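Listed below are the residues making up each chain.
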Amino acid sequence: GEFDYSGSQAIKALKEEGLEVILINPNIASVQTNTPEMGGVPVDGDPKSDVDEAMGADKVYLLPVTAEYVEEVIKREKPDSVILSMGGQTGLNCGVELEKTGILAKYGVQVLGTPVDVIEATEDRGIFSDKLNEINERIAPSFAVDTVEAAIEAATKIGYPCMLRAAFALGGLGSGIMPD
């Protein structure tokens, strides 16, 4: 999917800059984990090509992306930095936990790319709304509710028609328009 593609492109860009890349990915069927050492095919299809060396991560850990496993890899590999924004929701959640628990600071690991506070601001609808209001950006009114009664009350305040969006649902599943 899109995370596999973006992650693969990030690995390629980092390798082109001469950086060592260590990948943690539990998906053995991912393009990101398709390194020559794991039987992967070089991008140009030539097994004798040097292209494969610039494409794959230097080391791949086929492990769950959880704070516990990532900390073990950090202890072992001693990276100076990490990119959180190429691992989808799992990578983001794990990175926020590593930051909040002090694991990144403990090992002197800096976050490259999107900072953790920005990840948190975009993940929390309340914080995100506050940030947009700070710069006078117009946004649709919204409420977070957890009962049908609260949803009806919120819809009455907003006015109909309303968009109902279920939290933690993939692809908008459970969302819809409430005409009245």
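See the structure printed just above.
Cut-offs applied
- Residues numbered from 1 in each chain as written.
- Predicted model: local features only at pLDDT ≥ 70, side-chain atom pairs only at ≥ 80, totals over all residues.
- Heavy atoms only, no water.
- Helix = DSSP H or I, 4+ residues; strand = E, 2+ residues; numbered from the N terminus.
- Contact = heavy atoms within 4.5 Å.
- Areas by Shrake-Rupley, 256 points an atom, 1.4 Å probe, with all protein chains shown as cover.
- Expected span 1.5 Å × (residues − 1).
- Buried < 20%, exposed > 50% of the residue type's maximum accessible area, 1.4 Å probe, protein only.
- Core = buried A, V, L, I, M, F, W, Y, C linked by side-chain atoms within 4.5 Å.
- Salt bridge = Lys/Arg side-chain N within 4 Å of Asp/Glu carboxyl O.
- Axes fitted to C-alpha atoms, helices over the stretch in contact; angles between N-to-C directions.
- Parallel < 35°, antiparallel > 145°, perpendicular 65-115°, else oblique.
- Left-handed = near helix turned anticlockwise from the far one by under 90°.
- Nonpolar A, V, L, I, M, F, W, Y, C, P; charged D, E, K, R; others polar.
- Arc of directions from axis to C-beta.
- Patch = residues over 30% accessible without salt bridge, like charges linked within 9 Å, V, L, I, M, F, W, Y side chains within 5 Å.

**Q** Requested: an account of the overall build of the protein, with residues and values cited.
**A** Along the backbone of the protein there are eight helices and six strands. The secondary structure elements of the protein, listed N-terminal to C-terminal, are α-β-α-β-α-β-α-α-β-α-α-α-β-β. If you take every contact in the protein between residues at least 6 apart in sequence, the share linking residues at least 24 apart comes to 55%. Approximately 12300 Å² of the protein is accessible, and the part contributed by carbon and sulfur atoms is 55%.

**Q** Lay out helix α4 (residues 88–100) in plain terms, naming residues and giving numbers.
**A** Compared with an ideal rise of 1.5 Å per residue, which puts 13 residues at 18 Å, α4 spans 19 Å between its outermost C-alpha atoms and is within 8% of the ideal. Turning to α4, its buried residues are Gly88, Gly91, Leu92, Cys94, Gly95, Val96 and Leu98. The first or second residue beyond α4 is Gly102, which carries a positive phi of 80°.

**Q** Which residues make up the nonpolar core, and what are the values?
**A** Of all hydrophobic cores here, the largest spans 11 residues; its members are Ile24, Tyr61, Ala67, Val70, Val73, Ile74, Cys94, Leu98, Ile103, Leu104 and Val109. Mapped onto this core, the elements with two or more residues apiece are α3 (67–77), α4 and α5 (103–106). Per-element accounting of this core gives the leading share, four residues, to α3. If we skip the residues at most four places from it in the chain, Val73 touches Ile22, Ile24, Tyr61, Leu63 and Lys78.

**Q** Describe the pattern of salt bridges, and please don't skip the residues or the numbers.
**A** Applying the stated criterion across every chain, the model contains six salt bridges. The salt bridge partner of Lys106 is Glu71, with a shortest N-O separation of 3.5 Å. Residue Lys106 is located in helix α5, and its partner Glu71 is located in helix α3; the two are separated by 35 residues in the primary sequence. Where Lys157 meets Glu153, a salt bridge forms, and the shortest distance between an N and an O atom there is 3.5 Å. Pair noted here: Lys157 and Glu153 are both in helix α8 (residues 148–158), with a separation of four residues, about one helical turn.

**Q** Mind laying out the packing of α3 against α4, listing which residues take part and the relevant values?
**A** In a pair of packed helices, the angle between the axes and the distance between the axes together describe the arrangement. Here α3 crosses α4 at 70°, and the two axes come no closer than 10 Å. In terms of orientation, α3 and α4 fall into the roughly perpendicular class. Seen along the crossing, α3 lies across α4 with a hand that is right-handed. Of α4, the residues touching α3 (which contributes Ala67, Glu68 and Val70) are Cys94, Glu97 and Leu98. Considering only residue class, the contact of α3 with α4 consists of four nonpolar, no polar and two charged.

**Q** I'd like a description of α3, backed by residues and values.
**A** Taken as a whole, α3 has its buried residues at Ala67, Val70, Glu71, Val73, Ile74 and Glu77. Take α3 and look down its axis: the buried residues cluster within an arc of 160°, on one side only. In this structure, α3 carries Glu68 and Arg76 as exposed residues pointing more than 90 degrees from its buried face. The secondary structure elements touched by the buried residues of α3 are β1 (22–24), β2 (59–61), α4 and α5.

**Q** An account of the packing of helix α6 (residues 116–123) against helix α7 (residues 125–134) is needed here, citing residue identities and associated values.
**A** Following both chains from N to C, one finds α6 and α7 inclined at 100°, their axes separated by 5 Å at the closest point. Taken as axis vectors, α6 and α7 run roughly perpendicular relative to one another. For the pair α6 and α7, contact is made by Glu120, Ala121, Thr122 and Glu123 and by Arg125, Ile127, Phe128 and Lys131, respectively. In terms of residue class, the contact of α6 with α7 is made up of three nonpolar, one polar and four charged.

**Q** Run through a nonpolar patch on the surface, naming residues and quoting values.
**A** Together, Ile83, Met86 and Leu112 make up an exposed nonpolar region whose accessible area comes to about 190 Å². With respect to the helices and strands, the residue Met86 is situated in the loop between β3 (81–83) and α4. Of the residues examined, Met86 reaches a relative accessible area of 30% and is grouped as partly exposed.

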